[in-house]
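Overview (structure and organization)
As a plain string of letters, each chain reads:
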Amino acid sequence: MEDDERALLADFVASRAPVLIRVAYLLTGDRSSAEDLFQSALAKTIPRWRSIRHSDPEGYLRAVMYREQVSWWRRLRRRREVSIGTDASVVADPSTGTDLRLALQAALWQLPPAQRAVVVLRYYEDLPEAEVAELLGCSVGTVRSRTHRAVTRLRQLLPNTELLELQR
């Protein structure tokens, strides 16, 4: 890779890494796993940098992250224990609604990984069902059923929450 290509890649990573690691954190539920996921996806993206840098490198990297996470789930085939405590490196948000966000985050970690991924992609990333299905390697019907089950479970875990009433 030439020096100018390396500089462009370094600038891209420096500017977009915080957002992409946050998405990885939502998928994995663990800071160190999120960083591992990001690094793994970045390692798979770098060889293709020359061909993707002019199109949508962030979209490409996100797709690699989603596929890599699905691959990890399939390899594990078991549910890991996930701490729902707060991460010391996360800074509290001073704006209103912090309690709701923390409650939602704790409830999100109680979902199975596949349902959590669908919720993150559909509502955090605001992707259409067809794109979520393509990224996760499943059918649109599977995305719909996982979304329905996930939102139903979140409603059970978070009764009296206006946020979840919007989805009805």
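A brief structural summary. Predicted model, so just to flag it, every value in this text is computed and none were measured. (Residues numbered from 1 in each chain as written. Predicted model: local features only at pLDDT ≥ 70, side-chain atom pairs only at ≥ 80, totals over all residues. Heavy atoms only, no water.)

Remarks on the packing of helix H6 (residues 113-124) against helix H8 (residues 140-157)
Heads up, the condition is: Fitting a line to C-alpha atoms yields each axis, with helices limited to the stretch in contact; the angle taken between N-to-C directions then spans 0 to 180 degrees. Helix and strand assignments come from DSSP, with helices taken as H or I runs of at least 4 residues and strands as E runs of at least 2, each series counted from the N terminus. Orientation labels follow simple angle bins: below 35 degrees gives roughly parallel, above 145 gives roughly antiparallel, 65 to 115 gives roughly perpendicular, and whatever is left gives oblique. Any two residues having at least one pair of non-hydrogen atoms within 4.5 Å are treated as being in contact. All amino acids are sorted into three groups, where Ala, Val, Leu, Ile, Met, Phe, Trp, Tyr, Cys and Pro are nonpolar, Asp, Glu, Lys and Arg are charged, and the leftover types, Gly among them, are polar.
With their axes 9 Å apart at the nearest point, H6 and H8 run at an angle of 95 degrees to one another. On the basis of the axis angle, H6 is roughly perpendicular to H8. Contacts between H6 and H8 pair Ala114, Gln115, Val118, Val119, Arg122 and Tyr123 from the former with Val143, Arg146, Thr147, Arg149, Ala150 and Val151 from the latter. Tallied by class, the residues present in the contact of H6 with H8 amount to seven nonpolar, two polar and three charged.

Some remarks on the packing of helix H1 (residues 3-28) against helix H2 (residues 31-45)
Put simply, the rule reads: The handedness criterion is simple: a crossing whose near helix is rotated anticlockwise from the far helix by less than a right angle is left-handed, and one whose near helix is rotated clockwise is right-handed.
Contact geometry of H1 with H2 gives a least axis separation of 8 Å together with a crossing angle of 125 degrees. Taken together, the axis directions place H1 and H2 in an arrangement best described as oblique. Two packed elements cross with a definite hand, and for H1 against H2 that hand is right-handed. Residues Val13, Ala17, Leu20, Ile21, Ala24, Tyr25, Leu27 and Thr28 of H1 form the contact with H2, whose participating residues are Arg31, Ser33, Ala34, Glu35, Leu37, Phe38 and Leu42. The residue makeup of the contact of H1 with H2, split by class, is 11 nonpolar, two polar and two charged.

Comments concerning the side chain of glutamine 115
Put simply, the rule reads: For every residue, the accessible area obtained with a 1.4 Å probe (protein chains only) is divided by the maximum for its type, and the residue is called buried under 20%, exposed over 50%, and partly exposed between those limits.
For glutamine 115, the position within the fold is in helix H6. Assessed through its relative accessible area of 12%, glutamine 115 is described here as buried.

Observations concerning the packing of aromatic side chains
Heads up, the rule is: Here is the rule: rings of Phe, Tyr and Trp (six-membered ring for Trp) pair when centre to centre is within 6.5 Å. Planes less than 30 degrees apart are stacked, more than 60 are edge-to-face, and the remainder are tilted.
Throughout the structure, instances matching the rule amount to two aromatic pairs. When the centroid spacing of 5.5 Å and the interplanar angle of 40 degrees are considered together, the rings of phenylalanine 12 and tryptophan 49 count as tilted. Placement of the pair is phenylalanine 12 in helix H1 and tryptophan 49 in helix H3 (residues 49-52), with a sequence separation of 37 residues. Like tryptophan 49, phenylalanine 12 is buried.

Examining unusual backbone geometry
We note that aspartate 126 has phi near 60 degrees; this positive angle belongs to a residue other than glycine. Within the secondary structure, aspartate 126 is located in the loop between H6 and helix H7 (129-136).

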